[in-house]
Amino acid sequence: MQIAPARRARLAAPDDAPPLVTWRTQAPLFLLAALGTLLVALFAVSWGTVDIPPRTTLSILAGHLPFISTGEHAATADAIIWQVRMPRVLLAGMVGATLAFSGAAYQGVFRNPLAEPYLLGVAAGASVGATLMIISPLFVVAGMFSPVPPAAFAGALIAVALSYGLARNGGSVPAASLILAGVAVSSIGTAVVTYLMLTYNERTLEILNWILGGFNTATWTDAAILLPYAALALAGIAPLARIINVMQLDEDEARHLGVNVEAVKVAVLALASLATAAAVSVSGIIGFVGLIVPHAVRMAWGPDYRRLLPLSALFGAAFLILADLIARSINPGYEVPIGVITALVGAPFFLALLRRQGAGRRPA
Amino acid sequence: MLELRAVEAAYGARRVLRGIDLRVRAGELVALAGPNGCGKTTLLRVVSGAHPAARGDVLVDGEPIQRAGSRRLAQRIAVVAQGAPLPDGFSAFDVAMMGRTPHLGLLQSEGGRDIDIVRAAMLRTRSWDLRARPVDELSGGERQRVLIARALAQEPRLLLLDEPTSHLDLAHQVDTFRLLRELCAADGIAALAVVHDLTLAATFADRVALIADGRVAADGAPATVLRAETIERVYGVPVRVLAHPRTGLPIVVPDAARERSDGAAFAGVAGGAP
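Rules used in this analysis
- Residues numbered from 1 in each chain as written.
- Chains lettered and ligands numbered in written order.
- Predicted model: local features only at pLDDT ≥ 70, side-chain atom pairs only at ≥ 80, totals over all residues.
- Heavy atoms only, no water.
- Helix = DSSP H or I, 4+ residues; strand = E, 2+ residues; numbered from the N terminus.
- Rg over C-alpha atoms; globule rule 2.2 N^0.38 Å.
- Buried < 20%, exposed > 50% of the residue type's maximum accessible area, 1.4 Å probe, protein only.
- Contact = heavy atoms within 4.5 Å.
- Areas by Shrake-Rupley, 256 points an atom, 1.4 Å probe, with all protein chains shown as cover.
- Lys, Arg positive; Asp, Glu negative; His and termini not counted.
- Charge placed at Lys NZ, Arg CZ, Asp CG, Glu CD.
- Pairing = 2+ DSSP bridges.
- Axes fitted to C-alpha atoms, helices over the stretch in contact; angles between N-to-C directions.
- Buried area = accessible area lost by both parts, 1.4 Å probe.
- Salt bridge = Lys/Arg side-chain N within 4 Å of Asp/Glu carboxyl O.
- Polar contact = N/O pair within 3.5 Å; in protein donor to acceptor, adjacent residues only side chain to side chain.
- Nonpolar A, V, L, I, M, F, W, Y, C, P; charged D, E, K, R; others polar.
- Phe/Tyr/Trp six-rings, centres within 6.5 Å; stacked < 30°, edge-to-face > 60°.

So, about the overall build of chain B. The number of helices and strands found in chain B is 11 helices and 12 strands. Radius of gyration (C-alpha) of chain B: 19 Å, near the 19 Å computed for a compact globule of 274 residues. Its C-alpha atoms put chain B at 65 × 40 × 35 Å along the principal axes. Each of the 274 residues in chain B was classed as buried or not, and the buried ones make up 52%. Contacts in chain B between residues at least 24 apart in sequence constitute 66% of all its contacts with a sequence separation of at least 6. Here chain B has roughly 11,700 Å² of accessible surface; of this, 50% comes from carbon and sulfur atoms. For chain B, the distance from the average position of its 34 positive side-chain charges to the average position of its 32 negative side-chain charges is 4 Å.

Below you can see the structure in the form of structure tokens.
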């Protein structure tokens, strides 16, 4: 059928523009990713040395919701699901989401592909805080509420504040100075921890255990501690995604477009660092998630932060839940540190993505 | 539209602008020329608000720029920077759409009106066909068209361009300046462009302002400013200025023969330029 030129022009007008990336247009993608993450979580809660079918798991979980009665379940199954696996999976998911989301945000404001949530010294600072607490007399008397997470949290925030303070020059904080200050502060922290570990060698194992991180002692309390910080970072940074896109141009260009670059940078770094510090304080230092998950998302769905930030959070959660599942089931009775899994599983996966992308791209 | 009164600016202790007076009226295309390091780029940075003026006033529509705030300033002034990096993976449409930033609230998403404005800007700069292409795959001329489209999407009253044609071949240079001319004439946009090629400046600009040593050395119609003795004083190099056989506009060429015979004398004259 021939279409008259005038009519064709009119037909072309409304939909010849590339689709906009907005919350509304991306909602189906986000919902799908969220559903996938929930399925991974359900699978992880069902899986373990005591095998509980997903239907029973669902029924037990539903029974814990208010106003829903799903009948009686075996007390052991209920305890395993609700007291052990549920907080564990939830915490792993929240920490994974926080680290990946913060990593994406860091990469955005630093415009640096190597940026990750530990860049400003969060990990080293948290280690110093935790180590000091573990070697202190307080550690022995501590009962069920461990004093280590608050100490780690404080250490992490002090380290970030130190990096920021060192990099500050007049009214602005250049990204390059901030990265260098973070590296310096991290080195100092690592040195202090190494020294303390060797000096107080009767506590070396506890310190190492904390640093290696993991979710084997996860409780509902840990999840409750992290929740407000993670939610605050998500709610505070996600609306800035469009502005973070503009900041990918370069700082001067973003300024010319009316963006208050310093304010956005400070807000994003503060919120992401706070959430990362909270995540590290309840889970130890889990590497790699904050670096590779955002990159994997970027390779699959492009560089737009309006997709990148939410998808990083969701896939970060799924990734760490799976990594934790592997860590606890690879060798029942002895848990492999989760950082080992994130590196061993994450790196090859990441390299495969990198190669596939390299193959698809025409030489420049 | 744009008015600079005795503007001074410095990087630390180094004074770069030493009292600039300059006016650009709506619909006018003004070329800014002068030796490297004379302060042209700094002047653009001061006007765009990227660098503070140490002294003097920069007025846009009669209002001092520091009073306008960065977002309101970006609704009036658009900048096409030199060699600005474009982020990998974003499409030309995405980048042009970033020009809508100063018109959008923090939590606002782009809408149909923004699409219409960006489409019009890209059609105008003949970059609409590039809309789906990743910007990292574009040629120099295509990038420049997308950047000008982004600037137009800001719906500015004043366009600042830093050597908009420096990486372009002859056809794209002419193309870019024709477009600028047309924007000034049709939309009443004022344009201030740093241009190194004096002949190009003479051909397309309404006025040429020669900057030397942080001051305006000459300012006026191309034919009055671009005289051999003025150019030699500012650049410290011997030139000949010919008249275009048809338009009469100045054509500036280096006077290589004279340079060979008494180049040493000219090197002495050039001492004034930093």
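Picking up after the structure, the text goes on.
For the rest of this paragraph, the subject is the sheet that holds strand 2 (residues 14-24) of chain B. Residues and elements named next belong to chain B. Strands sit in the order 2-1-4-5 across an open sheet of four strands; the sheet is antiparallel. Looking along the sheet, the strands with just one partner apiece sit at the ends: strand 2 and strand 5 (63-64). Both strand 1 (residues 2-11) and strand 4 (residues 55-60) contribute to a ladder of five bridges, which runs antiparallel. Residue pairing in the sheet places glutamate 3 in a bridge with leucine 59 of strand 4. Across the sheet, helix 1 (residues 40-48) is in contact with strand 1, strand 2 and strand 4; its angle to strand 1 comes to roughly 115°.

This next bit is on the interface of chain A and chain B. Taken together, the contacts link 26 residues of chain A with 39 residues of chain B. Counting the surface chain A buries against chain B, the share from its top three residues, Arg242, His256 and Leu257 of chain A, is 24%. The tally of links from chain A across to chain B stands at four salt bridges. Where chain A packs against chain B, one counts nine residue pairs in polar contact (both at pLDDT 80 or more). Elements with a minimum of two residues in the side of chain A that touches chain B: helix 11 (241-247) and helix 12 (251-256) of chain A. With four residues, helix 11 of chain A is the single largest residue contributor to the side of chain A that touches chain B. Of the residues in the side of chain A that touches chain B, the class split is 12 nonpolar, five polar and nine charged.

The subject of this paragraph is the side chain of glutamate 253 of chain A. With respect to the helices, strands and loops of the structure, glutamate 253 of chain A is situated in helix 12. Assessed through its relative accessible area of 2%, glutamate 253 of chain A is described here as buried. If we ignore the near neighbours within four places in the chain, the residues touching glutamate 253 of chain A are Val79, Ala81, Ala84, Leu147 and Arg150 of chain B.

Let us now look at the sheet that holds strand 7 (residues 158-162) of chain B. All names here are of chain B. The sheet built from six strands is open, its strands ordered 6-7-8-3-9-10 with mixed pairing. Each of the sheet's edge strands pairs with one partner strand only, and the pair in question is strand 6 (77-80) and strand 10 (215-220). Neighbour-to-neighbour, the strand axes of the sheet open up by a mean angle of 20°, direction not taken into account. Sheet topology places strand 9 (residues 207-212) next to strand 10; five bridges connect them, and they run antiparallel. In the strand pairing of strand 10, alanine 212 is matched with arginine 215. Most of the contacts of helix 6 (residues 140-153) go to strand 6, to which it runs at about 170°, and overall it touches strand 6 and strand 7. Sheet contacts for helix 7 (residues 170-187): strand 3 (29-33), strand 7 and strand 8 (190-194); angle to strand 3, the most-contacted strand, approximately 135°.

All names here are of chain A. Tallied over the full model, the rule gives eight aromatic pairs over all chains. Each ring, one from phenylalanine 43 and one from tryptophan 47, has its centre 5.3 Å from the other, and the planes form 55°; the classification is tilted. A relative accessible area of 39% means that tryptophan 47 is categorised as partly exposed. Ring geometry for tryptophan 301 and phenylalanine 315: centres 5.5 Å apart, planes at 15°, overall stacked. Of this pair, tryptophan 301 sits in helix 14 (residues 289-301) while phenylalanine 315 sits in helix 15 (residues 305-329), and the two are 14 residues apart along the sequence.

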